[in-house]
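As a plain string of letters, each chain reads:
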Amino acid sequence: MPSIVGPVKINSAGGVVNFGDSFNTTPKSTSKTYAGSGAFNTGDFHVVNNGFSLTNSLDPDIADQDITANN
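Since the model is a prediction, treat every value here as computed from it, not as a measurement. (Residues numbered from 1 in each chain as written. Predicted model: local features only at pLDDT ≥ 70, side-chain atom pairs only at ≥ 80, totals over all residues. Heavy atoms only, no water.)

Participant: I'd like to hear about the overall build of the protein, residue by residue, with values.
Facilitator: Secondary structure assignment for the protein yields zero helices and zero strands. Expressed as a percentage of the 71 residues in the protein, the buried residues total 0%. Within the protein, residue pairs in contact and separated by at least 24 positions form 42% of the contacts whose partners lie at least 6 positions apart. (Helix = DSSP H or I, 4+ residues; strand = E, 2+ residues; numbered from the N terminus. Buried < 20%, exposed > 50% of the residue type's maximum accessible area, 1.4 Å probe, protein only. Contact = heavy atoms within 4.5 Å.)

Participant: If you had to explain the pattern of salt bridges to someone new, which residues and values would you point to?
Facilitator: By the definition in use, this model includes one salt bridge. The salt bridge partner of Lys 32 is Asp 59, with a shortest N-O separation of 1.9 Å. Given a relative accessible area of 29%, Asp 59 falls into the partly exposed group. (Salt bridge = Lys/Arg side-chain N within 4 Å of Asp/Glu carboxyl O.)

The following block contains the structure:
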């Protein structure tokens, strides 16, 4: 099935970008990142007002995203 892709802007390297049809995409690796309020804002112009930022890094889960049997 054909697709029309408009303007594309990629600000960082190291990710996976798919254009057009993709049936199944699965992660090949996982990681966990903790950051404060406004740390992962994306775009060109930001106005961020953070009066108080608290990051909770307590995670009692054993596995968040299982990648076993992922070839």
